[in-house]
Amino acid sequence: MSATTVDDRARYRANPSVLTALKNPRMLTREVLAGLVVGLALIPEAIAFSVIAGVDPKVGLFSSFIMAVSIAFLGGRPAMVTAATGAVALVIAPVAPTYGLDYFIATVILAGVFQVILGVLGVAKLMRFIPRSVMVGFVNALAIFVFSSQFPQLIDVPWLVYPLVALGIVVMVVMPKITKVVPAPLVSVVIVTGVVLAFAITVPTVGDQGELPRSLPSLFIPNVPFTWETFSIIAPFALGVALVGLMESLLTAKLVDEITDTHSRKGREAWAQGVSNVLSGIFGGMGGCAVIGQTMINVKASGARTRISTFCAGIFLFLLVVVFGDFVGTIPMAALVAVMIMVAIGAFDWHSVRPSTLKRMPKSETFVMVATVVLVLLTHNLAVGVVGGVLVASVLFVRRVAHFVTVTRTVSDAGDAATYVVEGELFFASSNDLTTLFSYSDDPERVVIDLSGSHVWDASTVAALDAIETKYAAVGKRVEIVGMNVTSGRMHGRLTGGFE
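Note that the structure is a prediction, hence the values are computed from the model and not measured.

Rules and cut-offs
- Residues numbered from 1 in each chain as written.
- Predicted model: local features only at pLDDT ≥ 70, side-chain atom pairs only at ≥ 80, totals over all residues.
- Heavy atoms only, no water.
- Helix = DSSP H or I, 4+ residues; strand = E, 2+ residues; numbered from the N terminus.
- Buried < 20%, exposed > 50% of the residue type's maximum accessible area, 1.4 Å probe, protein only.
- Contact = heavy atoms within 4.5 Å.
- Areas by Shrake-Rupley, 256 points an atom, 1.4 Å probe, with all protein chains shown as cover.
- Lys, Arg positive; Asp, Glu negative; His and termini not counted.
- Charge placed at Lys NZ, Arg CZ, Asp CG, Glu CD.
- Phe/Tyr/Trp six-rings, centres within 6.5 Å; stacked < 30°, edge-to-face > 60°.
- Core = buried A, V, L, I, M, F, W, Y, C linked by side-chain atoms within 4.5 Å.
- Polar contact = N/O pair within 3.5 Å; in protein donor to acceptor, adjacent residues only side chain to side chain.
- Expected span 1.5 Å × (residues − 1).
- Salt bridge = Lys/Arg side-chain N within 4 Å of Asp/Glu carboxyl O.
- Pairing = 2+ DSSP bridges.
- Right-handed = clockwise from strand over helix to strand, strands pointing away.
- pLDDT = per-residue confidence, 0-100.
- Bend = angle between axes of the 7 residues up to and from the residue.
- Axes fitted to C-alpha atoms, helices over the stretch in contact; angles between N-to-C directions.

S.K.: Help me understand the overall build of the protein, please; the structure alone is not making it clear to me.
M.R.: Across its full length, the protein carries 22 helices and 6 strands. If one aligns the C-alpha atoms of the protein with their principal axes, the spans along those axes are about 100 × 60 × 55 Å. A buried classification covers 51% of the 500 residues belonging to the protein. Taking the contacts inside the protein whose residues are at least 6 apart along the sequence as the reference set, 83% of them involve residues at least 24 apart. As displayed, the protein offers around 23100 Å² of accessible surface, 65% of which is attributable to carbon and sulfur atoms. Computed over 34 positive and 32 negative side-chain charges, the inter-centroid distance for the protein is 11 Å.

S.K.: Which parts of the structure should I look at to understand the packing of aromatic side chains?
M.R.: Pairs of aromatic rings are described using the distance from one ring centre to the other and the angle between the two planes. Counted under the stated rule, the structure contains 11 aromatic pairs. Relative to F438, the ring of Y420 has its centre 4.4 Å away and its plane inclined at 45°; by these criteria the two rings are tilted. Of the two residues, Y420 is situated in strand β4 (residues 417-426) and F438 in the loop between α20 (428-431) and β5 (446-456); the sequence distance between them amounts to 18 residues. Residue Y420 is classed as buried on the basis of its relative accessible area of 1%. According to the relative accessible area criterion, F438 is buried, its value standing at 7%. Grouped by ring-pair contacts, the aromatic residues Y420, F438, Y440 and Y472 constitute a single cluster.

S.K.: Looking at this structure, I do not really get the nonpolar core. What am I missing?
M.R.: As a rule of thumb, soluble globular proteins bury nonpolar side chains together. One finds I43, L61, V165 and I297 to be the most contacted residues of the largest nonpolar core, which totals 84 residues. At 12 residues, the largest contribution of residues to this core is made by helix α16 (residues 333-347). Sequence-distant contacts of I297, defined by excluding residues within four places in its chain, comprise V37, V38, A41, S302, V339, M340 and V343. Counting 32 residues, the second largest nonpolar core, distinct from the first, contains I92, V108, C289 and A383.

S.K.: Could you clarify how one ought to interpret the environment of T227 in this entry?
M.R.: Note on placement: T227 falls in the loop between α10 (184-198) and α11 (228-260). Remark: the alpha-carbon pair of T227 and G39, spanning 188 residues in sequence, is separated by 39 Å. A distance of 3.2 Å separates polar atoms of two side chains, one belonging to T227 and the other to T230.

S.K.: Is there a simple way to explain unusual backbone geometry in this structure?
M.R.: Phi is mostly negative for residues that are not glycine, and the peptide bonds are mostly trans. With phi around 75°, A79 is a residue other than glycine that occupies positive phi space. Structurally, A79 is set in the loop between α4 (57-74) and β1 (82-83). The class for A79 is buried, based on a relative accessible area of 2%.

S.K.: Honestly, helix α8 (residues 132-148) in this entry has me stumped. Any pointers?
M.R.: An α-helix turns once per 3.6 residues; consequently, residues spaced three or four apart project the same way. Under the 1.5 Å per step criterion, the end-to-end length of α8 is 24 Å for 17 residues, consistent within 8% with the ideal 24 Å. With 12 of 17 residues buried, α8 lies mostly within the body of the structure. Those residues of α8 that sit buried are S133, V134, M135, V136, G137, F138, V139, N140, A141, L142, A143 and V146. Where the residues of α8 are buried, they touch α11, α13 (292-301), α16, α18 (363-379) and α19 (382-402).

S.K.: Whenever I open this one, the environment of A467 confuses me. Can you help?
M.R.: With respect to the element layout, A467 can be found in helix α21 (residues 459-474). The spatial distance from the C-alpha of A467 to the C-alpha of L434 is 9.6 Å, given a sequence separation of 33 residues.

S.K.: What is the right way to read the pattern of salt bridges from this model?
M.R.: Two side chains bearing opposite charge may form a pair once their charged atoms approach each other closely. Under the defined criterion, the tally for this structure stands at 4 salt bridges. A salt bridge links D257 to R77; the nearest nitrogen and oxygen atoms lie 2.6 Å apart. With D257 in helix α11 and R77 in the loop between α4 and β1, this residue pair connects regions lying 180 residues apart in the sequence. Accessibility classification places D257 together with R77 in one group, the buried group. When the shortest N-O distance is used, the salt bridge between R446 and E480 registers 3.0 Å.

S.K.: Please explain the pairing of strand β6 (residues 478-482) as it appears in this structure.
M.R.: Consecutive residues of a regular strand have side chains that alternate between opposite faces of the sheet. Two strands pair when backbone bridges link them, and β5 and β6 are joined in this way by 5 bridges, in the parallel orientation. What sits directly across from D450, in β6, is V482. For the handedness criterion, the β-α-β arrangement of β5, α21 and β6 is classed as right-handed.

S.K.: Could you clarify how one ought to interpret the pairing of β4 in this entry?
M.R.: As paired strands, strand β3 (residues 406-411) and β4 are joined by 6 bridges and run antiparallel to one another. Following the sheet pairing, R409 is matched in β4 by Y420. Sheet topology places β4 next to β5; 9 bridges connect them, and they run parallel. When the sheet's bridge partners are listed, V421 is paired in β5 with D450.

S.K.: I tried to follow the confidence of the model for the protein on my own but got confused; where do I start?
M.R.: Parts of the prediction with low pLDDT should not have their coordinates interpreted in detail. When pLDDT is averaged along the protein, the result is 86, and 96% of the positions lie at 70 or above. In this model residues 1-6 is a low-confidence stretch, pLDDT under 50, and it forms 2 contacts with partners more than four residues away in sequence or in other chains.

S.K.: Looking at this structure, I do not really get α11. What am I missing?
M.R.: With 33 residues, α11 extends 46 Å from end C-alpha to end C-alpha; this agrees with the ideal 48 Å at 1.5 Å per step. Along its length, α11 reaches its greatest deviation from straightness, about 40°, at I234, and the proline P236 lies no more than four positions downstream. Two residues or fewer after α11 comes D261, characterised by a positive phi angle close to 55°.

S.K.: Would you take a moment to explain the sheet that holds β3 for this structure?
M.R.: Think of a sheet as strands paired side by side through backbone hydrogen bonds, with each pair either parallel or antiparallel. With respect to topology, 4 strands assemble into an open sheet ordered β3-β4-β5-β6, the strand pairing being mixed. One side of each edge strand has no neighbouring strand; the edge strands of this open sheet are β3 and β6. Across the sheet, the mean angle from the axis of one strand to that of its neighbour is 20°, orientation sign disregarded. Packed onto the sheet, α21 meets β4, β5 and β6 and runs at close to 175° relative to β5.

S.K.: I'm lost on the side chain of T205 in this one. Help?
M.R.: Positionally, T205 belongs in the loop between α10 and α11. Looking at T205, its side chain comes within polar contact range of the main-chain oxygen of G329, at 2.9 Å. Apart from residues lying up to four places away in sequence, T205 is in contact with G329, T330, I331, P332 and M333.

Structural data, given as structure tokens:
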């Protein structure tokens, strides 16, 4: 067995492992209680996302239960929570009102199939092309998104909601200083709920958000014709769900990697998301992806680190809505709003907006971060913001690198030859002006272009070199290109002369 294989296994080994957590009562308690907090936090959002998608609340709740449990076994990022999400709901929203629930479920299943295919093809490797400035923008936009999504629960509500939210926040700030054995968000929810029940305070509750299901999810095979017409209807929506879901899930996995200082198997996570969506669909769920807010509650606020917490989140969600639905319905929304506000505050990268950081950071990096945030807030779509941020970063990078090419001209003592030394990376952005840097009429009959300090990256550069040779030939002078490395020489040899 090679050293590389051993190192890779060690790198991706879960730390702590599920077995370690099961042997450690303190750690196991933390994981289970973290799952309970996440299960509570999933309920109102799953209901809200069902409304966005135009389906019954139980569709979102069943989806969250099935996906959380399945990803706990299949996923490549321990402690990351997968459930129904707003981004997926927004993409798939037009399907149910227009074509009906059967087409809606078929779209979810097809989206899962697309994700499995993309995962097997290695789409997760594209994560390396997302720069840090885009990641910071993604995190900050997400924090703003989570915070702003609480506004509906804070507008046109009884005034007692505000002191209850404040109480919940205070408990979460103070509790970690006393003990970390019990997750602070759980203590906050219990205390706020206890105050509301003890004093019979009338405020919006979880039960006001929609009717909770009373039975197990059943197998749901969509009654749609297996024809090209059906595929053409659902495929665009399914592909959108697949791409948005994978992007959010992989970015969330990367974020959890940084928080926990561990590595995840993102290729495995990609196809596992697909399998979870397929399972969600065949049991009548709306599909989803990694949920950043609940993942932050699980990992950052509650300190969970293993698959146990994710599994427990799904199980507790099911038990809470099916078995203890009446009790869960009495939990005030103010308690959950307080949890989500603290999640938003904790997720935001405050260091990135400090005056000292902004002064020290290159303006292009700050611009990319701000562009990502603005795009997310304008479109209400994290995937659009990330893609836009990557495009902005790419353009700025190309623009910056294009100016690093220099051309130095020297003439031999005898005056019979001119040598041009080209240094820098030659590609479409930097080679477009290359033809303007030569003195065609003033040079002697022999011209040498030395490329030992550069690299030819694309056909645009080969075309520029051909144009230079053509211009010299038009005034009766010959050009000799020297110093190409092996890769550049192969590309030039293959493409030269093929642009006329």
